[in-house]
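Fold and contact review
One letter stands for each residue in the lines below.
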Amino acid sequence: MSTVDAGVHVLDQAAWASLTGPHAHFALGAGRARRYPADVSPIMAVPPVQDERVWADLHALVGPGAPAMLAGDLADPPGDWEVVFQGHGVQLVATDALDSRPGDDLVNLGAADVPEMLDLVARTKPGPLEPQTYRLGTYLGVRRGGALVAMAGERLHPPGWTEISAVCTDPAYRGQGLATRLVRAVAHNIRARGETPFMHAAGENVNAIRLYRSIGFELRRTLHFSLLRSPERTPL
């Protein structure tokens, strides 16, 4: 069972709800800080309310002078934590208007496809993807002439919800509706489990946000992404 505090929607701290819920078997850490293994995802998580225990547990999790990637509502960190970067994004949720459907010519991606998946992500930059990210859920792809040219898959998994992530298309194959087909197919699989799809997008990625809204997602909220660096000294 997820340990999101009462009165807080699971999507407000989606990573925490995922790592203390359906993805608990992936979670590293104890107390009030969790993370995915580094070869699965760089995402880390803390609960909705952060106190001294949270920052101490996060420091123990990442080690001294190490980066911590967090998303969601975050209190100002203690003064000895360095704020390396902060950005904003949006969270979108599927509505009844989303026409989810299977894609008969889409292929399931797995361990054998990882080199091509990493290459496609490196060229299109939809967000982080690690060698073991495919283990978080179903990843689907489009192949043309044997080459992987588009893909999308599942990442965070708060109770009752699944995030659609890593949506990307080779520039030479854009304008063919491949991203739309992939999102609809991944959403179909999520809904078949009785769950609701959701997505995240960087605030400046207006083209992606416009696409997702046009096919049946709606904006739920804005949120912040933070990259912090832990203090060199262990808290007393």
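Residues numbered from 1 in each chain as written. Predicted model: local features only at pLDDT ≥ 70, side-chain atom pairs only at ≥ 80, totals over all residues. Heavy atoms only, no water.

**Regarding the overall build of the protein chain**
Summing up its helical and strand segments, the protein chain has five helices and ten strands in all. Whereas a compact globule of 236 residues would reach a radius of gyration of roughly 18 Å, the protein chain reaches 18 Å, a difference of no more than 12%. Taking the principal axes of the C-alpha coordinates as reference, the protein chain spans close to 60 × 35 × 30 Å. Counting only residues that meet the buried cut, the protein chain has 50% of its 236 residues in that class. (Helix = DSSP H or I, 4+ residues; strand = E, 2+ residues; numbered from the N terminus. Rg over C-alpha atoms; globule rule 2.2 N^0.38 Å. Buried < 20%, exposed > 50% of the residue type's maximum accessible area, 1.4 Å probe, protein only.)

**Describing the pairing of strand S8 (residues 161-169)**
Within S8, nine of the nine residues are buried, which leaves it mostly tucked inside the rest of the structure. Once strand S7 (residues 147-154) ends, the chain turns through six residues before running back antiparallel as S8, passing glycine 160 with a positive phi of about 85°. Sheet analysis places S8 next to strand S9 (residues 196-202), joined by four bridges and oriented parallel. Looking at S9, one finds that threonine 162 is bridged to proline 197. The β-α-β motif built from S8, the intervening helix H4 (residues 178-192) and the parallel element S9 has right-handed crossover chirality. (Pairing = 2+ DSSP bridges. Right-handed = clockwise from strand over helix to strand, strands pointing away.)

**Remarks on the packing of aromatic side chains**
Taken as a whole and judged by the stated rule, the model has four aromatic pairs. Aromatic pair tyrosine 212 and phenylalanine 217: ring centres 6.4 Å apart, planes at 65°, arrangement edge-to-face. When sorted by exposure, tyrosine 212 lands in the same class as phenylalanine 217, which is buried. (Phe/Tyr/Trp six-rings, centres within 6.5 Å; stacked < 30°, edge-to-face > 60°.)

**Structural notes on the pairing of strand S6 (residues 139-144)**
Relative to S6, strand S5 (residues 107-109) runs antiparallel, the two being bridged by three bridges. Within the sheet, the bridge partner assigned to valine 107 lies in S6 and is glycine 141. Direction of pairing for S6 relative to S7: antiparallel, over a ladder of six bridges. Within S7, the residue paired with glycine 141 across the bridge is methionine 151.

**A look at the side chain of glutamine 50**
Within the element layout of this structure, glutamine 50 appears in the loop between strand S2 (44-45) and helix H2 (52-62). Look at glutamine 50 and you get buried, because its relative accessible area is 12%. A polar contact of 3.3 Å, which involves the side chain of glutamine 50, links it to the backbone oxygen of aspartate 73. In this structure the side chain of glutamine 50 is engaged in a polar contact, spanning 2.6 Å, whose partner is the backbone nitrogen of alanine 75. Those residues in contact with glutamine 50 that sit more than four places away from it in its chain are Gln13, Trp55, Asp73, Leu74 and Ala75. (Polar contact = N/O pair within 3.5 Å; in protein donor to acceptor, adjacent residues only side chain to side chain. Contact = heavy atoms within 4.5 Å.)

**Regarding the sheet that holds S7**
Taken together, eight strands build an open sheet; the order of strands is S3-S10-S4-S9-S8-S7-S6-S5 and the sheet is mixed. The strands lining the two open edges of the sheet, one partner per strand, are strand S3 (67-71) and S5. The mean inter-strand angle of the sheet, taken between neighbouring strand axes irrespective of direction, is 30°. (Axes fitted to C-alpha atoms, helices over the stretch in contact; angles between N-to-C directions.)

**Let's talk about H4**
Here H4 is 15 residues long and its end C-alpha atoms lie 21 Å apart, about the 21 Å a rise of 1.5 Å per residue gives. Along H4, the positions that sit buried rather than exposed are Leu178, Ala179, Thr180, Leu182, Val183, Ala185, Val186, Ala187 and Ile190. Those residues of H4 that are buried are in contact with S6, S7, S8, S9, helix H5 (206-214) and strand S10 (217-229). Looking one or two places after H4, you find glycine 194, whose phi comes out positive at around 80°. (Expected span 1.5 Å × (residues − 1).)

**A word on the side chain of histidine 200**
Its location among the elements puts histidine 200 in strand S9. At a separation of 3.0 Å, a polar atom in the side chain of histidine 200 contacts the side chain of glutamine 91. Polar contacts involving the side chain of histidine 200 include one to the side chain of glutamate 163, which spans 2.9 Å. In this structure, histidine 200 is in contact with Val90, Gln91, Leu156, Glu163 and Leu223, ignoring residues within four places of it in sequence.

**What to know about the environment of glutamate 52**
The topology assignment puts glutamate 52 in helix H2. Glutamate 52 sits in the exposed class, given a relative accessible area of 72%. Sequence-wise, glutamate 52 and proline 77 are 25 residues apart; in three dimensions their C-alpha atoms are separated by 9.4 Å.

**So, the nonpolar core**
Nonpolar side chains in soluble globular proteins tend to end up buried together. Counting 27 residues, the largest nonpolar core has Leu92, Ile164, Val167, Val183, Met199, Tyr212 and Phe217 as its most contacted members. Elements supplying a minimum of two residues to this core: strand S4 (82-94), S6, S7, S8, H4, S9 and H5. The greatest single-element share of this core, amounting to eight residues, is contributed by H4. Of all hydrophobic cores here, the second largest spans 17 residues; its members include Ala14, Leu19, Phe26 and Leu156. (Core = buried A, V, L, I, M, F, W, Y, C linked by side-chain atoms within 4.5 Å.)

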